[in-house]
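Now for the letters of each chain:
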Amino acid sequence: MDKYGILKTYFGYDTFRPGQEQIVDALASGRDVLAVMPTGAGKSICYQTPALLSDGITVVVSPLISLMKDQVASLIKSGVPAAYLNSSLTYEQYMLALSRMQAGRYKIVYVAPERLSSPRFLEVCRSVSVCIVAVDEAHCVSQWGQDFRPDYLKIADFIHSLPRRPVVGAFTATATDRVRDDIRKILDLDSPVTVTTGFDRPNLFFSVLTPEKKTEKLLSLIRERRGRSGIIYCATRRSVEDVCEMLLRAGVPATRYHAGLTAEERQKNQDSFVSDLTPVIVATNAFGMGIDKSNVSFVIHYNMPKNIESYYQEAGRAGRDGEPAECILLYGPHDIITAKFLINNSEPNPDLSEEEQASVRQSELSRLEDMIRYATGTGCLRAFILRYFGEATGDFCGACSNCLESYESEDITEDAKCVLRCVAETQQRYGMSLISEVLKGSSSERISRLDRAGSFGALRTYTLAKIKNIISALLTDGFLTADGEYPVLTLTERSADVLYGGAHVKMKVLGKKKKEPEMKKTSSSQALTGEDSELLTELKRLRARLAREENVPAYIIFTDATLTDMCRKKPRDMTEILRVTGVGERKRDKYGMQFLGVIEKFV
Ligand code: ADP
Ligand code: ZN
């Protein structure tokens, strides 16, 4: 069977997506690969197809136990013999899987990185033919990436210890050159074919808003999108609680998700959201991994994330069905402070020396700078993201808030001087809120001690929100910092440049409107007619039942995209159903009759 036959028979797809075929060809012909692809682009097919084209076993190194389990379940359902080796297995299960691997019973074996140095595993690998090693989340080899894993450093040794060097494919969604260089070097890739694919998601509309009051803005955004499904990401558990409560009080059906909830509540809330019972979920970044909900119509970030990688991954959960969807960042002056605080107070990684720890932090801070530039810049937002991920692109996309609104940059040097003087006069001991109140000349009791400062009331004609925006512009440009254990504003080397050196400070302000940004109404079920969406509901019900019976996540049976396509095509028999995207022969044999039954009853 050739690659197209494999794609159709096992996975049920007619065509490769951009980049996939190039990667399959390279690996199948013995060339190493470095693939940089966004989440959801379809990495797995890229190593699973060559695995089925080659004699021998493909070993996939993956750091995420839960995803490993799902991938293997999914492969087995598609008719590919596969297994995983990780700490979730008992000793007996582990030994059994190894002996089956030795007997050549598997084509693909997923393995957690810490297993690579286990003598028994090595012994088995040396006695069989390992033809491909695929490294998922390859950025974990680099301490410059967001999730360095020392166990990943064992991969190169593992590869060298095999009697014949397998071809190596490394997969990541991380962008920076430094991380890519590390991957090539540390995994010892042999002049790899480097493929960067499709970071653009043309159906997503990007916008950054800087509202005076985030809660009010959020509420009105949600009300305008009533009935549509959306995720609201918050930086902390606390703000998840607050925002969710605020929405519920305002009568918006919403649920919540963060790591502080019990496993049962998390599962329940997630199910309620995924099955469209509750349209809105408020969550920390703990939410989303491995969740395949294709009809998310908007993702709103209530706080600015720590870097563009996280932002794009989270925002990218909108519009997986290809329908128009929105990614909205609500940016506020405090976000910089919160993000810095989170970086500076993150759990130290016990595997890193103090020196390494410090340089990781440095790299996180520099990635935060990029995020801040996204939130405060005036250029095309999509272009900013694509360039960040190394893709060449134009300067105008016409589908982001910066392309549709015109922003001007206002010179705020005189106001900035007032702020800096105020910080100096109050001995650099206070945070953003208090400094803003002093400048506003507020009569609150908290600042009565400070009302003799020369800068008291110096900006009294401005709103507190505007004063905070000015402070945030100073933080952005490094004329002030707020790095300490408490977010206290302090002067920097560059402060003097503004006060005495003639440096200018600029801030992004809304200029004349170019065009009212018009959002297309959307939801995946609207793409179907009323009747078809009833059919979709029936098919989903069947899928949910099968998933429960087999104890696997629903999307492993069929994805939403597959069920939607089934509603459109309404196949009548076991041959026609193969034309539905995502239905391969094996799944057809297993589930075909039942789904055809539901469709037949319907037509
Ligand atoms: P990643 O690992 O890059 O996040 P996956 O490998 O999980 O992405 O693929 C994401 C989704 O895209 C899956 O539902 C997968 O079945 C689907 N997919 C992958 N390749 C194709 C293709 N060529 N045509 C249609 N759907 C595809
Ligand atoms: Zn744009």
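Only a predicted model underlies this, so the values are computations on that prediction, with no experimental measurement involved. (Residues numbered from 1 in each chain as written. Chains lettered and ligands numbered in written order. Predicted model: local features only at pLDDT ≥ 70, side-chain atom pairs only at ≥ 80, totals over all residues. Heavy atoms only, no water.)

K.L.:
What am I meant to see in the overall build of the protein here?
P.N.:
Scanning the protein from N- to C-terminus turns up 25 helices and 17 strands. At 27 Å, the protein has a C-alpha radius of gyration in line with the 25 Å of a compact globule built from 603 residues. Overall, the C-alpha framework of the protein stretches about 85 × 60 × 45 Å when taken along its three principal axes. Counting all 603 residues of the protein, 54% fall into the buried class. (Helix = DSSP H or I, 4+ residues; strand = E, 2+ residues; numbered from the N terminus. Rg over C-alpha atoms; globule rule 2.2 N^0.38 Å. Buried < 20%, exposed > 50% of the residue type's maximum accessible area, 1.4 Å probe, protein only.)

K.L.:
Which parts of the structure should I look at to understand the sheet that holds strand β10 (residues 254–257)?
P.N.:
Think of a sheet as strands paired side by side through backbone hydrogen bonds, with each pair either parallel or antiparallel. One open sheet accounts for 6 strands, arranged β8-β13-β12-β9-β11-β10; its pairing is parallel. Among the strands making up the open sheet, the edge pair consists of β8 (204–209) and β10. Strand after strand, the sheet turns through a mean of 15° between neighbouring axes, direction not considered. When strand β12 (residues 298–301) meets strand β13 (residues 325–330), the two strands line up parallel, connected through 4 bridges. Looking at the pairing, His-301 lines up with Leu-329 of β13. Docked against the sheet, helix α11 (residues 263–274) engages β9 (230–233), β10 and β11 (280–283), running at close to 135° with respect to β10. (Pairing = 2+ DSSP bridges. Axes fitted to C-alpha atoms, helices over the stretch in contact; angles between N-to-C directions. Contact = heavy atoms within 4.5 Å.)

K.L.:
For this particular structure, what's the right way to read helix α24 (residues 560–569)?
P.N.:
Within an α-helix, residues lying three or four positions from one another point in the same direction, as the helix has 3.6 residues per turn. Burial within α24 is extensive, with 7 of its 10 residues counted as buried. Along α24, the residues that are buried comprise Asp-560, Thr-562, Leu-563, Thr-564, Asp-565, Met-566 and Cys-567. Among the structural elements, α22 (530–550) and α25 (585–602) are those in contact with the buried residues of α24. Once α24 ends, the next one or two residues include Lys-570, with phi positive near 40°.

K.L.:
Is there a simple way to think about empty space enclosed by the protein in this case?
P.N.:
To locate leftover empty space, one rolls a probe as large as a water molecule over the atoms. Taken as a whole and judged by the stated rule, the model has 4 cavities of 30 Å³ or more. The computed volume of the largest cavity comes to approximately 60 Å³. Around the largest cavity sit Ile-231, Phe-273, Phe-287, Gly-288, Ile-291, Lys-293, Val-296, Arg-317 and Arg-320, which together line it. For the lining of the largest cavity, the residue count by class is 5 nonpolar, 1 polar and 3 charged. (1 Å grid on protein atoms, 1.4 Å probe; cavity = no way out; pocket = protein on both sides within 12 Å on 5 of 7 lines; lining within 4 Å. Points joined across faces, edges and corners; volume = space filled by probe spheres on them. Nonpolar A, V, L, I, M, F, W, Y, C, P; charged D, E, K, R; others polar.)

K.L.:
What should I look at first to understand the sheet that holds strand β7 (residues 193–196) in this one?
P.N.:
On the basis of which strands lie adjacent, the open sheet formed by 7 strands has the order β3-β4-β2-β5-β6-β1-β7 and parallel pairing. Strand pairing shows two members of the sheet lacking a second neighbour, β3 (82–85) and β7, which therefore form its edges. Neighbour-to-neighbour, the strand axes of this sheet turn through a mean angle of 15°, independent of strand direction. Summarising the sheet, strand β2 (residues 57–61) and strand β5 (residues 130–135) pair through 5 bridges and their orientation is parallel. Following the sheet pairing, Thr-58 is matched in β5 by Ile-132.

K.L.:
How should the pattern of salt bridges be read in this particular structure?
P.N.:
When their charged atoms lie close together, side chains carrying opposite charge are able to pair. Per the stated rule, a full pass over the model turns up 31 salt bridges. Between Lys-3 and Glu-21 there is a salt bridge, and its shortest N-O distance comes to 3.0 Å. Taken together, the positions of Lys-3 in helix α1 (residues 3–11) and Glu-21 in helix α2 (residues 20–28) put the pair 18 residues apart, joining distant regions of the chain. A salt bridge links Arg-238 to Asp-242, with the nearest nitrogen and oxygen atoms 3.5 Å apart. Residue Arg-238 and its partner Asp-242 are located together in helix α10 (residues 237–249), separated by 4 residues, close to a single helical turn. On the basis of relative accessibility, which here comes to 60%, the residue Arg-238 falls in the exposed class. (Salt bridge = Lys/Arg side-chain N within 4 Å of Asp/Glu carboxyl O.)

K.L.:
What is the right way to read the side chain of Arg-225 from this model?
P.N.:
Position of Arg-225 among the secondary structure elements: in the loop between α9 (214–224) and β9. The buried category is assigned to Arg-225, whose relative accessible area is 9%. In contact with Arg-225, not counting residues within four places along its chain, are Phe-298, Glu-326 and Ile-328.

K.L.:
Hey, could you run me through the nonpolar core in this one?
P.N.:
The tendency in soluble globular proteins is for nonpolar side chains to be buried side by side. Core analysis: the largest hydrophobic core is formed by 74 residues, its most contacted members being Phe-206 and Tyr-374. Among the domains, domain 2 (204–406) and domain 3 (413–504) are the pair contributing at least three residues each to this core. Apart from residues no more than four positions distant in its own chain, Tyr-374 is found in contact with Phe-206, Val-208, Ile-308, Tyr-311, Leu-329, Leu-381, Phe-384 and Ile-385. Within the second largest apolar cluster, 72 residues are counted, among which are Ala-35, Val-80, Leu-89 and Ala-134. (Core = buried A, V, L, I, M, F, W, Y, C linked by side-chain atoms within 4.5 Å. Domains from an automatic or database assignment.)

K.L.:
Sorry if this is basic, but what is going on with the coordination of the zinc ion (ligand 2) here?
P.N.:
Octahedral six-donor coordination of a metal ideally yields angles of 90 or 180 degrees, compared with 109.5 degrees for tetrahedral four-donor coordination. Around the zinc ion (ligand 2), the donor atoms from the protein are Cys-380 (SG), Cys-397 (SG), Cys-400 (SG) and Cys-403 (SG), and they sit 2.3 to 2.4 Å away. Around the zinc ion (ligand 2) sit 4 donor atoms; with metal-centred angles ranging over 102 to 120°, the donor geometry is tetrahedral. Accessibility expressed as a relative area gives 9% for Cys-380, which makes it buried. (Donors = N, O, S within 2.8 Å, 3.2 Å for Na, K, Ca; no water. Tetrahedral: all angles 85-135°; square planar, octahedral: opposite > 155°, others 65-115°.)

K.L.:
Help me understand unusual backbone geometry, please; the structure alone is not making it clear to me.
P.N.:
Glycine aside, residues mostly have negative phi angles, and peptide bonds mostly take the trans form. Look at Ser-191: it is not a glycine, yet its phi comes out positive at around 25°. Structurally, Ser-191 can be placed in the loop between α8 (177–186) and β7. Non-glycine residue Gln-428 carries a positive phi angle of around 50°. Within the element layout of this structure, Gln-428 appears in the loop between α17 (413–425) and α18 (432–440).

K.L.:
Explain the site of ligand 1 to me, please; I cannot follow it from the model alone.
P.N.:
Surveying the vicinity of ligand 1 reveals 14 residues, the closest of which are Tyr-13, Thr-15, Gly-40, Lys-43 and Ser-44. Between ligand 1 and Thr-15, the relevant distance is 2.9 Å, taken from a nitrogen atom to a main-chain nitrogen or oxygen of the residue. Its free accessible area being 570 Å², ligand 1 has 76% of it covered by the protein chains. At 3 residues, the largest contribution of residues to the shell around ligand 1 is made by helix α3 (residues 43–53). Of the residues in the shell around ligand 1, the class split is 5 nonpolar, 7 polar and 2 charged. (Near = heavy atom within 4 Å. Polar contact = N/O pair within 3.5 Å; in protein donor to acceptor, adjacent residues only side chain to side chain. Areas by Shrake-Rupley, 256 points an atom, 1.4 Å probe, with all protein chains shown as cover.)

K.L.:
Please explain the packing of aromatic side chains as it appears in this structure.
P.N.:
Geometrically, a pair of aromatic rings is defined through the distance of the ring centres and the angle of the planes. Enumeration over the complete set of coordinates arrives at 13 aromatic pairs. Measuring from centroid to centroid gives 5.8 Å for Tyr-374 and Phe-384, while their planes differ by 65°, and the two rings are edge-to-face. Residue Tyr-374 is located in helix α14 (residues 354–376), and its partner Phe-384 is located in helix α15 (residues 381–388); the two are separated by 10 residues in the primary sequence. Residue Tyr-374 is classed as buried on the basis of its relative accessible area of 1%. Between Tyr-388 and Phe-389, the ring centres sit 5.4 Å apart and the planes meet at 85°, which makes this aromatic pair edge-to-face. (Phe/Tyr/Trp six-rings, centres within 6.5 Å; stacked < 30°, edge-to-face > 60°.)

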